[in-house]
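# Architecture and fold: a report
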Amino acid sequence: MNYISTRGKSAPVSAAQAIKQGIAPDGGLYMPETIPSLSSDDLKELCSLSYSERAARIMSLFLTDYTYEELLADCSVAYGDNFDGYAAPVVSVGERARILELWHGPTCAFKDMALQIMPRLLSRALVKTGEERTALILVATSGDTGKAALEGYRDVERIKISVYYPVDGVSRAQKLQMTTQEGENVNVCAINGNFDDAQNGVKRIFADREFAAELDKKGYFLSSANSINWGRLVPQTVYYISAWCDLVNKGDISFDEKIDVCVPTGNFGNILAAFIAKKMGLPVGRFICASNSNNVLTDFFANGVYDRNREFHLTISPSMDILISSNLERLLFLTAGSEKTAAYMKSLIDTGRYELDKADHEKISEEFVGYYASEDACRKEIKDTFDKYSYLIDTHTAVAVSCANKYLADYADAEKKTVIASTASPYKFAPSVAGALGIEIPETDAEIFDALSKKTSTAIPSQLSAVLTKEIRFKKVIDPEDMKASVLDFIS
Ligand SMILES: *Cc1c(COP(=O)(O)O)cnc(C)c1O
């Protein structure tokens, strides 16, 4: 199967090529030419498989230049001992909420689900495409991608990785996780600015032909680990299908039963992966797109206008502090085709805004609804969920739970069960979570972990306590204009 650009102006490429390149030459994002479908027999069979087998089976439908055996070998390692138990368990919380815990990997956020497997896909892609240069991965991160990518790519041969995060835009634990990163092929840099500044800086470097030529001379080419890379998205479709299988296996839903899916959203990658699962044949009703006070997507789904010209808020769910949701472009492509997508994106680049045709907006509204949760609503949800169900959620998950509840109150035709993506361990955002529970916040991170653990009778993830005592390796803070220089510095 070949991959084509959402903007329609680049030649089709293989999956390996799409994963290697990250972004299409015309600035668009790669999409499979067709979405493979799962019959009801296929779904039945997936129900009987392990997580790694499900992942290999589903990914092999998209990555047709990889063999099933290659994918199974990679998935078995990626979703094996690096996770503390089953990779993507579903937990019942009350009558209707089914929480899909995606944070049992090495960095305690859902990014591990993709970034534990993607370096293996890229390594194979270098061989499959006869590439002789070293891949240089540039990552802009709102916190979790950076650490997950560093952990996934560290000390992988013929790959180097440089990560940029907004200096005041990530949690303390996130910052520590990144600045203490081990590995010979890694670099971490803080940016004076917010996430969009970091992301735009990376995008500018990717679009710079001269710079690419300069890197080429030095034996490097650029690649991305952000969710604009298809290699990030395809592993994410797996856990929605897997969650549905697990609910069927438990007898919690019947084989013909649809679920609604609610996802705390930033760059729109995770929820788009869920939408692709539905396009493949997974029985899903609606998608609830949950935002924090950076609610550009809530407005988009309500009135068909995407307008990033608005105030940017730093919130307690920082991984969703985003005003340009890059993967929305893929939804536009699936809805309206490449020509209109290119026009919408041109308008976004030129004016920071675009307005959907009525027909496109109606089509999207059949599948998606948007809600947002304020900071207070988010804190209240953490406390309510814990008080009612003794179940502890992080700030991002709380945004989703709050939005799912609003949706259930508004839509009488909602499905009986809502699968809610839980995207981070509560310990990753411990000060905010502890604060929401009314715990007096002690000074050090170790003390906060202890206080939260004592109050909630939950275990501190060893992945997080380990970084508290590690040496800080990366202290640089730079302006977005200096990112190019920092890249050259890193590889010299
Ligand atoms: C990245 C992230 C999100 C947002 O996911 P997108 O795919 O960017 O929409 C939500 N929650 C957490 C904890 C994250 O790390």
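Residues numbered from 1 in each chain as written. Predicted model: local features only at pLDDT ≥ 70, side-chain atom pairs only at ≥ 80, totals over all residues. Heavy atoms only, no water.

## Let's talk about the site of the ligand
Within the structure, the ligand sits among 15 residues, and Lys111, Asp144, Gly266, Asn267 and Thr423 are positioned closest to it. Separating an oxygen atom of the ligand from a backbone N or O atom of glycine 266 is a distance of 2.8 Å. Asparagine 270 is positioned with one of its backbone polar atoms (N or O) 2.9 Å from an oxygen atom of the ligand. In the complex, the protein chains occlude 98% of the 380 Å² of accessible area that the ligand would expose alone. The pocket occupied by the ligand, as judged from atoms lying within 2 Å of grid points, is the largest cavity. Of the residues contributing to the shell around the ligand, the split by class is five nonpolar, eight polar and two charged. (Near = heavy atom within 4 Å. Polar contact = N/O pair within 3.5 Å; in protein donor to acceptor, adjacent residues only side chain to side chain. Areas by Shrake-Rupley, 256 points an atom, 1.4 Å probe, with all protein chains shown as cover. 1 Å grid on protein atoms, 1.4 Å probe; cavity = no way out; pocket = protein on both sides within 12 Å on 5 of 7 lines; lining within 4 Å. Sits in = over half its atoms within 2 Å of the grid points. Nonpolar A, V, L, I, M, F, W, Y, C, P; charged D, E, K, R; others polar.)

## Remarks on empty space enclosed by the protein
Taken as a whole and assessed by the stated rule, the structure comprises two cavities of 30 Å³ or more. What the largest cavity holds in volume is close to 270 Å³. Only helix H7 (144–153), helix H11 (230–250) and helix H12 (269–280) provide two or more residues apiece to the lining of the largest cavity. By residue class, the composition of the lining of the largest cavity is eight nonpolar, 14 polar and three charged. Considered as a void within the structure, the second largest cavity measures approximately 60 Å³ in volume. Lining the second largest cavity are Leu138, Ala140, Gln199, Val202, Lys203, Phe206, Ser224, Asn226 and Ile228. Top element by residues in the lining of the second largest cavity is helix H9 (residues 195–207). It accounts for four residues. (Points joined across faces, edges and corners; volume = space filled by probe spheres on them. Helix = DSSP H or I, 4+ residues; strand = E, 2+ residues; numbered from the N terminus.)

## Concerning the packing of aromatic side chains
Scanning the model with the defined rule gives 20 aromatic pairs in all. For the ring pair phenylalanine 275 and phenylalanine 368, a centre distance of 5.3 Å and an interplane angle of 55° mean the geometry is tilted. Taken together, the residues phenylalanine 275 in helix H12 and phenylalanine 368 in strand S13 (residues 368–372) connect sequence positions 93 residues apart. Classification of phenylalanine 275 by relative accessible area gives buried; the value is 5%. One aromatic cluster is present, formed by Phe268, Phe275, Phe287, Phe300, Phe301, Tyr306, Tyr344, Tyr354 and Phe368 through successive ring pairs. Note that lysine 406 overlies the ring of tyrosine 372, its terminal NZ or CZ placed 5.7 Å from the centroid. (Phe/Tyr/Trp six-rings, centres within 6.5 Å; stacked < 30°, edge-to-face > 60°. Buried < 20%, exposed > 50% of the residue type's maximum accessible area, 1.4 Å probe, protein only. Lys NZ or Arg CZ within 6 Å of the ring centre and 35° of its normal.)

## Things to note about the state of the cysteines
Using the criterion set out here, one finds zero disulfides in the structure. Cysteine cysteine 75 is unpaired, with the sulfur of cysteine 245 as its nearest cysteine sulfur at 15 Å. For cysteine 75, a relative accessible area of 0% puts it in the buried group. With no disulfide of its own, cysteine 289 has cysteine 403 as its nearest cysteine by sulfur position, at a separation of 8.3 Å. (Disulfide = S-S within 2.5 Å.)

## Quick look at the pairing of strand S4 (residues 97–101)
Here S4 lies mainly inside the structure; five of its five residues are buried. Taking every second residue as pointing to the same face, both faces of S4 are buried, with Ala97, Ile99 and Glu101 on one and Arg98 and Leu100 on the other. Where S4 and strand S14 (residues 418–422) come together, five bridges link them in parallel fashion. Bridging from a neighbouring strand, isoleucine 99 pairs with isoleucine 420 of S14. (Pairing = 2+ DSSP bridges.)

## Considering the pairing of strand S7 (residues 186–191)
Burial of S7 is extensive: six of the six residues sit out of reach of the surface. Side chains Val186, Val188 and Ala190 project from S7 onto one buried face, and the interleaved Asn187, Cys189 and Ile191 project onto a second face that is buried too. Once the chain exits strand S6 (residues 159–166) it traverses helix H8 (residues 172–179) before rejoining the sheet at S7, and the crossover so formed is right-handed. In the sheet, S7 pairs with strand S15 (residues 477–478) via two bridges, with the strands oriented parallel. Its bridge partner lying in S15, isoleucine 191 is registered against isoleucine 478. (Right-handed = clockwise from strand over helix to strand, strands pointing away.)

## So, the environment of glycine 438
Of note, glycine 438 is situated in the loop between helix H18 (430–436) and helix H19 (445–456). Spatially, the C-alpha atoms of glycine 438 and alanine 198 are 34 Å apart, while their sequence positions differ by 240 residues.

## Looking at the sheet that holds strand S8 (residues 220–224)
Strand order in this open sheet of five strands is S8-S5-S6-S7-S15, and the pairing throughout is parallel. The two strands at the open ends of the sheet, each matched to only one other strand, are S8 and S15. Bridge count between S6 and S7: six bridges; the pairing is parallel. Across the sheet, residue valine 163 finds its bridge partner in S7, namely valine 188.

## Section: helix H15 (residues 358–365)
Here H15 has its buried residues at Asp360, His361 and Ile364. Each buried residue of H15 lies within a common arc of 100° when the element is viewed along its axis, so the set occupies one face. For H15, exposure combined with an orientation more than 90 degrees from the buried face picks out Lys358 and Ala359. Looking at the buried positions of H15, the neighbouring elements they touch are helix H13 (296–303), helix H14 (328–351) and S13. (Arc of directions from axis to C-beta. Contact = heavy atoms within 4.5 Å.)

## Considering the packing of helix H10 (residues 209–217) against helix H21 (residues 483–491)
The geometry of H10 relative to H21 is characterised by a closest axis approach of 12 Å and an angle of 5° between their N-to-C directions. Comparing their axes, H21 and H10 come out roughly parallel. Every residue of H21 that contacts H10 at Phe211, Glu214 and Leu215 is listed here: Lys484, Val487, Leu488 and Ile491. (Axes fitted to C-alpha atoms, helices over the stretch in contact; angles between N-to-C directions. Parallel < 35°, antiparallel > 145°, perpendicular 65-115°, else oblique.)

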